[in-house]
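Listed here are the chains, written in short residue letters.
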Amino acid sequence: MYRLLSYLRFILTATNQHGVHSPFIYNFITKGIYRKGNPQFTITQNLLAQSIFYFNFKKIGLVSEDNSLKIKLNSVFEGLDYNALPIDIVYADDKSEPFKTISRKYLHNDSLLLIEGIHNSKKKYQNWEQLKKLPEVSVSIDLFHCGILFFRREQVKEHFKIRRKPLFL
């Protein structure tokens with residue numbers, strides 16, 4: 001029931017790329033998030049792949065016990081490094097606690113944290129809200145099925161709720 005109510009609140013307050021005034025985020029949404037995905041990935045894994053492609057990330061942090069994602073990513077991208085620091089992008093699956101596993105000191109100014117399932121429970125959503133408030137986080141994007149955090153010092157602190165697809169088809 002919580003997830004349904006959370007989705008209804010999200011739909012009523014979310015926008016598409018036209019509600020975004022930051023050129024950095026607008027370009028990421030239109031050229032990264034809205035790109036067509038790979039059918040072998042879940043919706044959040046597709047966003048991970050689209051982010052790797054858009055930002056040309058090489059140093060990947062996977063906070064997941066499932067090794068199949070690494071195999072899928074290696075089949076699409078060449079030269080990914082899963083052990084190098086600082087990390088470009090961190091993917092935390094629905095079962096993990098992202099900042100209990102990885103230290104913020106391993107991230108750099110252009111790092112991105114992708115968290116799956118931020119609306120799956122009240123506790124997960126509260127954790128998401130706490131992460132958004134961290135002083136290191138400059139931009140957050142709520143896509144309902146996942147959340148994205150950026151650590152860009154030059155970016156003004158902003159929060160976006162973005163629909164992945166048009167509201168009505």
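Relevant structure appears above.
Residues numbered from 1 in each chain as written. Predicted model: local features only at pLDDT ≥ 70, side-chain atom pairs only at ≥ 80, totals over all residues. Heavy atoms only, no water.

Q: I'd like a description of the pairing of strand S5 (residues 146-150), backed by residues and values.
A: Along S5, 5 of the 5 residues are buried, which leaves the element largely enclosed by surrounding structure. Side-chain alternation along S5 places Cys146, Ile148 and Phe150 on one buried face and Gly147 and Leu149 on a second face that is also buried. In this sheet, S5 lies alongside strand S3 (residues 107-116) in antiparallel orientation, the contact comprising 5 bridges. Along S5, the bridge assignment pairs Ile115 with Gly147. Pairing analysis gives 4 bridges linking strand S4 (residues 139-142) to S5, with the strands arranged antiparallel. If you follow Ile141 over to S5, its bridge partner there is Ile148. (Buried < 20%, exposed > 50% of the residue type's maximum accessible area, 1.4 Å probe, protein only. Helix = DSSP H or I, 4+ residues; strand = E, 2+ residues; numbered from the N terminus. Pairing = 2+ DSSP bridges.)

Q: Now, about the environment of Leu149: what can you tell me, with residues and values included?
A: Mapped onto the elements of the fold, Leu149 is located in strand S5. Overall, Leu149 belongs to the buried group, its relative accessible area being 0%. Each C-alpha atom of the pair Leu149 and Arg104 lies 12 Å from the other, and the pair is 45 residues apart in sequence. Here Leu149 is in contact with Ser111, Leu112, Leu113, Ile115, Trp128, Leu131, Lys132, Val137, Val139 and Ser140, once residues within four sequence places are set aside. (Contact = heavy atoms within 4.5 Å.)

Q: An account of the nonpolar core is needed here, citing residue identities and associated values.
A: Ile25, Ile52, Leu73, Ile141, Ile148 and Phe150 are the most contacted members of the largest nonpolar core, which has 30 residues in total. Every element with two or more residues in this core is listed here: helix H2 (23-33), helix H3 (43-55), helix H4 (68-76), strand S2 (87-92), S3, S4 and S5. Among the elements that take part in this core, H2 stands out by supplying 5 residues, more than any other. If sequence neighbours within four positions are ignored, Leu73 has contacts with Phe41, Leu48, Ile52, Leu62, Leu80 and Tyr82. (Core = buried A, V, L, I, M, F, W, Y, C linked by side-chain atoms within 4.5 Å.)

Q: Tell me about unusual backbone geometry, and please be specific about residues and values.
A: Backbone torsion omega between Leu85 and Pro86 reads -5 degrees, so that peptide bond is classified as cis. Structurally, Pro86 can be placed in the loop between H4 and S2. Although it is not a glycine, Asn56 adopts a positive phi angle of roughly 60 degrees. Relative to the helices and strands, Asn56 is located in the loop between H3 and strand S1 (60-63). Taking relative accessible area as the criterion, Asn56 reaches 52% and is therefore assigned exposed. Unlike most non-glycine residues, Phe144 shows phi in positive territory, near 70 degrees. One can find Phe144 in the loop between S4 and S5.

All we've got here are geometric facts, nothing functional implied.
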